[in-house]
Every structure is written in C-alpha cells, then in structure tokens.
Amino acid sequence: MAERISIPKITPATLLYVLLLTLPAAPTASLNVTALLSTFPELSAFTALLSSTIASDLAQRSAVTVLAVPNDYLASSDLTRHLSQTSLADVLRYHVLLQFLSADDLHQIPSSGALFTTLFQTTGRATSNFGSVNITRDPSTGAVSVRSPAPYSPSNASLLEPIKAVPYNLSIFTVNSLLLPYGFDLMASETRPSLDLNITKALIDGHNFNVAASMLAASGVVEEFQADEGGAGITLFVPTDSAFTELPSSQSLQSLPADKKAVVLKFHVLHSYYPLGSLESIVNPLQPTLATEDMGAGSYTLNISRVNGSVAIDTGIVQATVTQTVFDENPVAIFGVSRVLLPREIFGKNPSAGSKSGGAIMTAAPPPDITLSPENSPGGFDGPPPVSREEIRSGSSVAGVQRLMLVLCCIVVYLAV
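- Identification of the protein as FAS1 domain-containing protein from Eucalyptus globulus is taken from an unreviewed UniProt entry.
- Under the UniProt heading Sequence similarities (unreviewed entry), the note attached to the protein is "Belongs to the fasciclin-like AGP family."
- Annotation of the protein in UniProt includes, under Subcellular location (unreviewed entry), the sentence "Cell membrane".

1. Examining the sheet that holds strand 4 (residues 132–137)
- Strand order in this open sheet of 7 strands is 2-1-7-6-5-4-3, and the pairing throughout is mixed. With partners counted over all chains shown, the strands left at the sheet margins are strand 2 (96–97) and strand 3 (114–117), one partner each.
- In this structure, strand 6 (residues 156–166) lies alongside strand 7 (residues 170–175), joined through 6 bridges in antiparallel fashion. The residue of strand 7 that forms the bridge with Lys164 is Ile172.

2. Some details on the confidence of the model for the protein
- Summary statistics for the protein give a mean pLDDT of 75 and a share of 67% for residues scoring 70 or more.
- Considering only residues more than four positions removed or in separate chains, one finds that residues 186–193, a stretch of pLDDT under 50, has 17 contacts.
- A low-confidence stretch, residues 350–402 stays under pLDDT 50, and its non-local contacts, those more than four residues away or across chains, total 72 contacts.

3. Focus on the sheet that holds strand 14 (residues 332–337)
- The 7 strands lie next to each other as 9-8-14-13-12-11-10, forming an open sheet whose pairing is mixed. Strands at the two margins of the open sheet, each flanked by one partner only, are strand 9 (269–270) and strand 10 (286–288).
- Here strand 8 (residues 234–239) pairs with strand 14 via 6 bridges, running parallel. If you follow Thr235 over to strand 14, its bridge partner there is Ala333.

4. A look at the side chain of Thr240
- In this fold, Thr240 is placed in the loop between strand 8 and helix 13 (241–245).
- A polar contact of 3.1 Å, which involves the side chain of Thr240, links it to the side chain of Ser242.
- Once residues lying within four places of it in the same chain are set aside, the contact partners of Thr240 are Asn208, Phe209, Thr323 and Val337.

5. So, the environment of Asp138
- Structurally, Asp138 is set in the loop between strand 4 and strand 5 (144–147).
- Classification of Asp138 as partly exposed rests on a relative accessible area of 32%.
- Residues Asp138 and Ser112, spaced 26 residues apart in sequence, show a C-alpha to C-alpha distance of 9.1 Å.

6. With respect to the pattern of salt bridges
- With the rule as written, the count across this model stands at 5 salt bridges.
- Across the pair Lys201 and Asp205 runs a salt bridge, and its minimum N-O distance is 3.0 Å. You can see Lys201 and its partner Asp205 sitting in helix 10 (residues 199–205), 4 residues apart, about one turn around the helix.
- On the basis of relative accessible area, Lys201 is assigned to the partly exposed category, the value being 49%.
- In this structure Asp205 comes out as partly exposed when scored by relative accessible area, which is 43%.
- A single salt-bridge network, built from bridges that share partners, covers Asp57, Asp90 and Arg93.

7. Re the pairing of strand 5
- The side-chain alternation of strand 5 yields one buried face, formed by Val144 and Val146, and one unburied face, formed by Ser145 and Arg147.
- Sheet topology places strand 4 next to strand 5; 4 bridges connect them, and they run antiparallel. Opposite Asn134, over in strand 5, you have Arg147 as the bridge partner.
- Two strands pair when backbone bridges link them, and strand 5 and strand 6 are joined in this way by 3 bridges, in the antiparallel orientation. Within strand 6, the residue paired with Arg147 across the bridge is Asn156.

Each value, and the rule that gives it
Residues numbered from 1 in each chain as written. Predicted model: local features only at pLDDT ≥ 70, side-chain atom pairs only at ≥ 80, totals over all residues. Heavy atoms only, no water. UniProt positions renumbered as here; feature names shortened; annotations may be inferred. Pairing = 2+ DSSP bridges. Helix = DSSP H or I, 4+ residues; strand = E, 2+ residues; numbered from the N terminus. pLDDT = per-residue confidence, 0-100. Contact = heavy atoms within 4.5 Å. Polar contact = N/O pair within 3.5 Å; in protein donor to acceptor, adjacent residues only side chain to side chain. Buried < 20%, exposed > 50% of the residue type's maximum accessible area, 1.4 Å probe, protein only. Salt bridge = Lys/Arg side-chain N within 4 Å of Asp/Glu carboxyl O.

If you want it as structure tokens, here you go:
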C-alpha cells in the first residue's frame with residue numbers, strides 16, 4: 001500500500017486570497033471630455049477653458065454631466081477675464097455634475113427641483129452644500145433651470161439642449177449663462193490689495209522655521225506661493241526646525257528628486273485663506289492642497305479636524321498639530337506645525353515611514369506560499385514551477401495564468417484524494 005505523503009494544508013483563506021488576486025481589475029471608463037467637446041465648434045471657447053484648467057480633474061471621473069456654455073453666451077460675459085486661474089477653474093468645476101444625466105432624467109425632475117453635486121464641491125472650498133446646483137423643471141413649459149441652492153442667488157441659467165450622451169459615462173448639455181457658486185468673490189483678485197509678503201523672510205523672522213525657509217527658497221516653489229496671494233488666498237502649514245530633526249533617515253526629504261520635493265512642499269499649502277478660527281470649524285475636513293492641483297483630484301489631500309482643543313492635520317501617515325500662528329492677514333495665513341506632513345502617495349509604501357506617535361503604516365502581509373516543494377509533492381511529482389506574486393497580481397500574463405491554473409489543479413486533486 002502506497003505511503004501517503006504529507007502535504008502542507010492549504011486553508012480556504014489562502015485559496016481565496018490567491019483567487020482574489022487573480023481577478024482582473026475592473027475596467028475604468030476613461031473620459032476625454034475635451035476631445036468630445038472639441039467636435040462642436042460652437043463650444044470652442046468653453047472647451048479651451050476646460051483644457052487649460054480642469055482637464056486632469058475630468059479624466060479622473062467615470063460619470064459626469066457637463067453644462068457647457070456656447071461661444072455666443074460666453075462672449076457676452078467678461079467674467080472669465082477678471083478671474084485668477086484658480087478661481088476660473090472652480091467656476092468651471094461648478095459646471096460639472098458628478099453623475100450621468102440623460103435628457104429623460106431631466107424631464108423627470110420634480111417642479112420643486114433636485115440637488116446635484118458638482119466637481120467644485122469636492123475641492124472643499126464650497127460653503128456648506130453650495131457646491132451643488134439645484135435643477136428645476138417647469139411642468140407647464142418643460143423648461144429646465146439650473147441655479148445655486150442658496151436662497152436669492154443671482155446666478156442661474158436655462159438649459160438649452162442636449163449635445164452629446166455616452167451612456168452611462170458622459171452627458172453634455174448647453175446652458176445660456178456661466179454659473180457661479182454662491183458667495184463666489186469674482187473681483188477678489190482685483191479689489192484686494194496685494195500684500196507683497198516675502199514668505200521666506202516671514203519664516204526666518206519666526207525664529208523656528210529656518211529649515212523650511214531654506215527648502216522653500218531652494219526649490220523655487222515659494223515664488224509660486226507668493227503669486228497665489230491674490231484671489232482665494234493661501235494657507236501654509238510650516239514644520240518647525242525640530243520637526244525636521246525628528247524625521248528618521250528613511251523619510252529624508254533631501255534624498256528626494258527635485259520634482260517630488262516640490263510636490264511635498266506644495267502638500268503643505270491650501271489654495272484658500274483659512275484663519276485659525278476657520279480651521280477650527282472647517283466644514284469639509286478633507287482638503288485639497290496645491291499638490292492636488294498638480295497631481296490630480298483626490299490625491300495629496302489633508303484631513304483637518306479639531307482634536308483635544310487643537311487643530312490636527314492628518315496625512316494618512318503622520319498627524320501634526322498647529323503649534324503657532326506665524327502670520328495671518330487676509331489673504332495669507334501661515335501656521336507652524338509639529339510634524340513634517342508626509343504624503344502617503346510618496347511615503348506610504350515605506351514600512352518605516354510611520355509616525356513616532358504611533359501612526360505606523362499598515363502594510364499588507366504577503367500572501368502565503370502555496371507552491372508544493374519537490375520533497376512534499378505526491379508521487380514524486382515535482383509540481384509546476386512556482387508562480388510569482390507579480391504574475392498573480394497582474395493577471396495579464398498568459399503564462400502566469402496557466403501556471404496558476406496548474407497549481408490550483410494540484411490543490412483540487414490533492415483535496416479530492
């Protein structure tokens with residue numbers, strides 16, 4: 001009677017883990033909104049504005065409805081000439097609804113109206129739910145109107161006609177006016193006097209920010225910060241000198257290439273003016289940064305909240321607190337913070353990049369080794385060649401899939417014995 005060979009037990013959890021890794025990633029719809037809009041000459045001016053401001057934001061979305069303003073209606077308004085680049089981008093974000101709406105969907109809107117979230121709401125710069133639009137339909141005429149949900153908002157537009165629909169990813173309608181979010185300060189960049197603040201000097205005068213001041217000056221990004229003092233303003237979170245000395249060698253900023261170092265520095269800046277009181281009562285805790293605008297919507301965000309009476313800033317890797325106000329005069333606020341704000345997009349894959357306060361990064365444990373060793377294979381069978389984790393994860397290599405299937409077949413045969 002043949003001796004039964006002992007083979008390490010394969011648990012159901014291990015098998016499920018491998019099977020999940022082999023599942024192909026769900027395809028994501030890639031929207032090239034500006035390319036589709038460019039086929040309509042009457043929308044060329046609006047398309048050019050989108051391309052120069054929020055094209056990368058749109059590419060991150062799988063389902064949107066765009067309210068486009070035709071050339072004739074856009075030319076009748078000189079608003080776009082008075083806006084800073086950031087303010088203009090926010091106005092255009094207000095014309096992008098974060099869901100697919102067909103013409104039939106709009107015809108079913110009740111006369112009382114319905115709220116729809118826009119891309120502007122996701123920036124965190126909208127007050128309350130005023131980053132949404134209220135769409136109403138007149139039951140007697142069928143006319144559809146779009147306006148801010150704020151009472152007595154002067155900004156509104158009428159829907160003209162559907163232009164394009166790509167179910168269920170993209171829908172384009174034309175409107176007869178540029179829409180403005182409630183409370184949007186159109187003339188901020190023109191009426192607000194420039195501070196001409198030298199940020200580097202302000203940090204040096206603070207006596208505890210010499211490292212940050214030198215890094216900002218060397219990187220060149222400080223000039224970009226100072227250029228953004230107009231418009232919506234800026235808020236800087238500047239680590240103290242001691243915060244830099246507490247960084248372990250694995251988190252050294254000096255070892256980063258120049259482009260990534262600049263991204264980390266921009267990660268410390270909000271593209272809006274927030275005095276301390278506003279930070280303490282912030283409505284949308286997840287805030288985009290200047291790095292978000294460079295790297296894409298949803299990335300490089302800061303979670304700002306009030307913890308134990310202080311303003312806490314969480315990056316997903318470290319949590320810092322605001323230690324002092326260095327400068328606060330509209331439109332610029334500069335705050336000292338206790339930690340260097342490390343973005344998880346750069347430092348998140350480093351197991352040692354956790355914070356000293358216990359904010360260690362949780363890394364996924366490697367999958368168990370399920371290959372059968374030659375000495376433990378039944379009947380002297382050497383078994384199929386081992387499957388690398390890269391092949392398992394990718395699922396794109398035919399050879400890798402075939403080898404995986406061989407392993408699974410061996411498991412099924414063994415369990416059936």
